[in-house]
Amino acid sequence: MELGRLEYLQALVTEFQATDSPGNPRAPLLASALHGEPVFSCTWCFSVTEAKEQVLANLANFAYDPKNYEALRQLQVLDLFLDTLTEDSETLVEFAIGGLCNLCLDKTNKDYILEANGVEPIINCLSSSNEETVMSAVTTLMYLTTPRSRQQTTALPVVECMLRFALSASRRLSNLATVFLEDYCTPLQVEEARNLSKHTAVGIPLPKD
């Protein structure tokens, strides 16, 4: 029997939360996904972190589809993603920022993230050694940039990061950072960041290739 959209996403959220409760046995989640394909979760087969990664990856994938936005908001998945940005697991952070990147295309989701002070933890993701995390963080900052949020999303430390990323050996990261500098920053901001970089120590490290 197929689960409805909301019920299925609720099951994933419950599964994720259950992994935070040591000693709490869970039966595997065997359910038909919205496209008719079974999704299997077996929390006892993995460590707590691995189980969380598996479930969070599923939630992040559902964030691709605008049809799921309302349900994801109702289940407070945006908060779940934001909270996960401070996890030690680089994989968890990668999935969480990826989910936020997908969700913030929607104006309601964008406004929620901004109101929840989500920009700061997203900026912190720029220091990740995981290139996918950094790519998603840069893209998310682009999507979150509005006349009201621009001062925060294009703050001087962020512009400094983009100048360094623009020099990355990774063509993807270099190109994305260049777009950020050209389309989201003023020439004055870029010049100020360049001047500051000349007089400061090396800041946020480049992600690993």
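A few points on the structure. In this numbering scheme, every chain counts its residues from 1 along its sequence in written order. Only residues with pLDDT of 70 or above have their local features reported here, since the model is predicted, and side-chain atom pairs are shown and tallied only from 80 upward, although totals for entire chains, interfaces and linings are computed over all residues. Computation of side-chain values: all heavy atoms of the structure, hydrogens and water removed.

Think of a salt bridge as a Lys or Arg side-chain nitrogen and an Asp or Glu carboxyl oxygen that are within 4 Å of each other. Enumeration according to the criterion identifies five salt bridges in this entry. For Glu-131, the salt bridge is made with Arg-172, and the minimal N-O distance between the two is 3.1 Å. In this pair, Glu-131 is assigned in helix H8 (residues 131-144) and Arg-172 in helix H11 (residues 171-184), connecting sequence segments 41 residues apart. Burial status follows relative accessibility: with a 1.4 Å probe on protein chains alone, a residue under 20% of its type maximum counts as buried, one over 50% as exposed, and anything between as partly exposed. What makes Arg-172 partly exposed here is its relative accessible area of 42%. The partner of Arg-172 in a salt bridge is Glu-132, and the shortest N-O contact between them spans 2.6 Å. Separated by 40 residues along the polypeptide, Arg-172 in helix H11 and Glu-132 in helix H8 bring together distant segments of the chain. Each helix is a run of H or I in the DSSP string that is no shorter than four residues. Each strand is a run of E no shorter than two, and both are numbered from the N terminus.

Right, let's talk about the packing of helix H4 (residues 77-84) against helix H6 (residues 107-115) for a bit. Convention adopted: a line fitted to C-alpha atoms gives each axis, helices being fitted over their contacting stretch, and angles between N-to-C directions are expressed from 0 to 180 degrees. In the contact formed by H4 and H6, the axes pass within 11 Å of each other and the chain directions differ by 45°. Here H6 runs oblique to H4, going by the angle between their axes. H6 is crossed by H4, and the crossing has right-handed handedness. Side by side, H4 and H6 meet where Leu-78, Asp-79 and Leu-82 of the first sit next to Asn-109, Tyr-112 and Ile-113 of the second. The residue inventory of the contact of H4 with H6, partitioned by class, reads four nonpolar, one polar and one charged. An angle below 35 degrees is treated as roughly parallel, one above 145 as roughly antiparallel, one from 65 to 115 as roughly perpendicular, and anything else as oblique. What makes a crossing left-handed is the near helix being turned counterclockwise from the far one by less than a right angle; a clockwise turn instead makes it right-handed. Residue contacts follow a heavy-atom distance rule, with two residues in contact if any of their heavy atoms lie within 4.5 Å. Each residue is assigned to one class: nonpolar for Ala, Val, Leu, Ile, Met, Phe, Trp, Tyr, Cys and Pro, charged for Asp, Glu, Lys and Arg, and polar for all the others, Gly among them.

Moving on: unusual backbone geometry. Leaving glycine out, the prevailing phi sign among residues is negative, and the prevailing peptide bond configuration is trans. Even without glycine at this site, Gln-76 takes up a positive phi of about 60°. With respect to the secondary-structure elements, Gln-76 resides in the loop between helix H3 (69-74) and H4. In this structure Gln-76 comes out as exposed when scored by relative accessible area, which is 52%. Residues other than glycine seldom take positive phi values, yet Asn-117 does so here, at roughly 60°. With respect to the secondary-structure elements, Asn-117 resides in the loop between H6 and helix H7 (119-124).

With that settled, the discussion passes to the packing of helix H2 (residues 48-62) against helix H5 (residues 90-103). H5 packs onto H2 with a crossing angle of 15° between their chain directions and a minimal axis gap of 9 Å. By the criterion of interaxial angle, the relationship of H2 to H5 is roughly parallel. The interaxial crossing formed by H2 with H5 has left-handed handedness. Touching Thr-49, Lys-52, Glu-53, Leu-56, Ala-57 and Ala-60 of H2 are Thr-91, Leu-92, Phe-95, Ala-96, Gly-99 and Asn-102, all from H5.

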